[in-house]
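Tertiary structure, described
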Amino acid sequence: MGVLETRIKEKKAKKVIHNKFKAFKVICNYNAHVNGRIWLVWKPTTVDIHPLIIHSQFIHCEVFHHATYTKFHLTMIYASNNARARDDLWHNLRTISTQVHKWILLGDFNVVRDVTERISNTPPNLADILDCNSCLLHCGVADITSTGCEMTWTNKQDIDTIVWSKLDRALTNVEWQLQYPATSAVFLPAGRLKALHKENFNQISQRVHTDRDQLSDCRKAIHEDFSSTDLYEKERELMAPYLALKAAESTILKQKAKLDHISYNDSSSKYFSARIHERQQQQFIGHIKDKDGNERIEDDIAGLIKPIGADEIRASVFSIGSDKSPGPDGFSSAFFKASWDAVGPDYCKAIQAYFKNGRLSKQANATLITLIPKKSVCNTVMDFRPISCCTTFYKTISKILTTRFQNILPHIIGTEQVAFIKGRNIHENIMMSQSLVKCYGRKYLTPRCLVKVDIRKAFDSL
């Protein structure tokens, strides 16, 4: 297995390798690159790996597979994003190609091989494509059959500037293709590891308890009927997933507790949970002093966490304009104001329940996105401004939080921020800007410039 762009400093590498790859052997290229961009990880019971060249952009090695008694050469690549630096990679690959038999190359080449392998408003550099293809053609290697997501890298920008490229590749030479013609590669989508984690380890402690209860019930049934072979078979079926989840739970709890001195055989979940609680207590912020040395946070927190009263809820509802657009349920604040005597008590209980358990129903959290035209004639999406029409229930919660925060924010937000803060006016910055540029036209003024940042899209995009 190749791990690229680890972003782990060399002084921490040994600790990470010991914790994460205890049953594996690892080769890194810290000696060739300060950040150790490539880790080659393998299980010694399956293969033996002998490193031949450790370079800043690749690790080349000979692999012996125990089960088939075969040898082949593997080159794990993480190419530089600098074209001149990649010249050294191409030169080394040409040299290696004359010294190998069965050969496979895997990794991130940081360059596309064809203009169709890049989706962008700007075309790829043709010189880079030529250098890469010239090298791979000389080496006699070709891309193997692949499935999955062809574009393996994106800059994750807006639609106008987004770039998708095929940078990750798996290539083999003719000897490999003749020996292993069915070889193929699968490119997983970004975030697949998170999805796998969610599918397999979500709510793991609860699942461990459920499996333990099922296993306990099965054992009780065995004690009532020792001759039932079906129960013994069921116990074996339940035992394997339970032990796997239990081991995973211990690993996750150990990571959360940040304990490095506990062995992997320690499965004391109660101890780990206690340490997690201890860390949470240590991370609690009880008070913070401002730049003048004044300690206000404790008093402010008392005002934030005090119980939500019916009067406070009523005041929030009645402060919402009656002509405000309703949410998906169709009930505006005018309805609640007019029928407060009838619906008020239940409405208050619902609001208080949210602040108690932190759960908001899908109906209350639903929002209508409405496009408001900016001008009389609208032809493009940019001519509209999106607004969110929330339910009155949602607005009431926001109003309560806003009211409680508005007395605290001026003390913890710098004076440079003048917008959206009570007692401050955005026009102050406009006047200051006018004063700064007032004298820019003078002949003997020292060189200076003014940068205008357009944040229109921050408000006009979803």
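Residues numbered from 1 in each chain as written. Predicted model: local features only at pLDDT ≥ 70, side-chain atom pairs only at ≥ 80, totals over all residues. Heavy atoms only, no water.

1. Regarding the state of the cysteines
Throughout this description, disulfide means a covalent bond between two cysteine sulfur atoms. Applying the stated criterion across every chain yields a total of zero disulfides. Just so you know, Cys389 is unpaired, no disulfide at all, and the nearest cysteine sulfur is the one on Cys390, 7.6 Å from it. Its relative accessible area of 8% is what places Cys389 among the buried residues. (Disulfide = S-S within 2.5 Å. Buried < 20%, exposed > 50% of the residue type's maximum accessible area, 1.4 Å probe, protein only.)

2. Quick word on helix 3 (residues 126–139)
Its 14 residues give helix 3 an end-to-end C-alpha distance of 20 Å, which sits within 8% of 20 Å, the value for a rise of 1.5 Å per residue. Those residues of helix 3 not exposed but buried are Asp128, Ile129, Cys132, Cys135, Leu136 and Cys139. The arc that holds the buried residues of helix 3, viewed along the axis, is 140°, so those residues lie on one side. Away from its buried face by more than 90 degrees, helix 3 exposes Leu126, Leu130 and Leu137. (Helix = DSSP H or I, 4+ residues; strand = E, 2+ residues; numbered from the N terminus. Expected span 1.5 Å × (residues − 1). Arc of directions from axis to C-beta.)

3. A few points about helix 14 (residues 392–405)
If you check helix 14, its first and last C-alpha atoms are 20 Å apart, about what 14 residues at 1.5 Å a residue would give, namely 20 Å. Restricting attention to buried positions, one finds in helix 14 the residues Thr392, Phe393, Thr396, Ile397, Ile400 and Arg404. Down the axis of helix 14, the buried set is contained in an arc of 150°. They therefore lie on one face.

4. Concerning the side chain of Asp383
Structurally, the position occupied by Asp383 is in the loop between strand 15 (367–373) and strand 16 (384–390). At a separation of 3.3 Å, a polar atom in the side chain of Asp383 contacts the side chain of Lys375. Sequence-distant contacts of Asp383, defined by excluding residues within four places in its chain, comprise Ile372, Pro373, Lys374, Lys375, Val377 and Cys378. (Polar contact = N/O pair within 3.5 Å; in protein donor to acceptor, adjacent residues only side chain to side chain. Contact = heavy atoms within 4.5 Å.)

5. Looking at unusual backbone geometry
Phi angles above zero are rare outside glycine, and Tyr69 is one such case at about 55°. Structurally, the position occupied by Tyr69 is in the loop between strand 5 (58–65) and strand 6 (70–78). Under the relative-accessibility criterion, Tyr69 is labelled exposed at 66%.

6. Structural notes on the sheet that holds strand 6
Pairing is mixed across the open sheet formed by six strands, whose spatial order is 4-5-6-7-13-9. Two strands in the sheet have a free side with no partner beyond their single neighbour: strand 4 (47–54) and strand 9 (141–143). Taking the axes of each pair of neighbouring strands and ignoring which way they run, one obtains an average angle of 25° across the sheet. For strand 6 and strand 7 (residues 103–108), the ladder comprises six bridges, and the chain directions are parallel. When the bridges of strand 7 are listed, Met76 appears paired with Leu106. (Pairing = 2+ DSSP bridges. Axes fitted to C-alpha atoms, helices over the stretch in contact; angles between N-to-C directions.)

7. Some thoughts on the nonpolar core
Ile77, Trp90, Leu93, Trp103, Leu105 and Phe109 are the most contacted members of the largest nonpolar core, which has 18 residues in total. What Leu105 contacts, discounting residues up to four positions off in sequence, is Thr75, Ile77, Leu93, Val141, Arg169, Ala170 and Leu171. Of all hydrophobic cores here, the second largest spans 15 residues; its members include Ile38, Ile59, Cys61 and Trp176. (Core = buried A, V, L, I, M, F, W, Y, C linked by side-chain atoms within 4.5 Å.)

8. Quick word on the sheet that holds strand 12 (residues 164–165)
An order of 8-12-11 is seen for the three strands of this open sheet, with the pairing classed as antiparallel. Two strands close off the open sheet at either side, each with one partner strand: strand 8 (118–119) and strand 11 (153–154).

9. Remarks on the pattern of salt bridges
Scanning all chains against the criterion turns up eight salt bridges. The salt bridge involving Arg86 is made with Asp128; its shortest N-O contact spans 3.4 Å. Of this pair, Arg86 sits in helix 2 (residues 83–97) while Asp128 sits in helix 3, placing them 42 residues apart in sequence. A salt bridge links Glu233 to Arg236, with the shortest nitrogen-to-oxygen separation between them at 2.7 Å. Of this pair, Glu233 and Arg236 both sit in helix 7 (residues 229–257), three residues apart, which is roughly one turn of the helix. Judged by relative accessible area, Glu233 falls into the partly exposed class, the value being 36%. (Salt bridge = Lys/Arg side-chain N within 4 Å of Asp/Glu carboxyl O.)

10. Concerning the confidence of the model for the chain
With 84% of its residues at a pLDDT of at least 70, the chain reaches an overall mean of 81. Below a pLDDT of 50 lies the segment residues 259–266, which in the model reaches 16 contacts outside its immediate sequence neighbourhood of four places, other chains included. (pLDDT = per-residue confidence, 0-100.)

11. Here we look at the pairing of strand 7
Counting buried positions along strand 7 gives five out of six residues, so the element sits mostly inside the fold. A crossover connection joins strand 6 to the parallel strand 7 through helix 2; in handedness this β-α-β unit is right-handed. (Right-handed = clockwise from strand over helix to strand, strands pointing away.)

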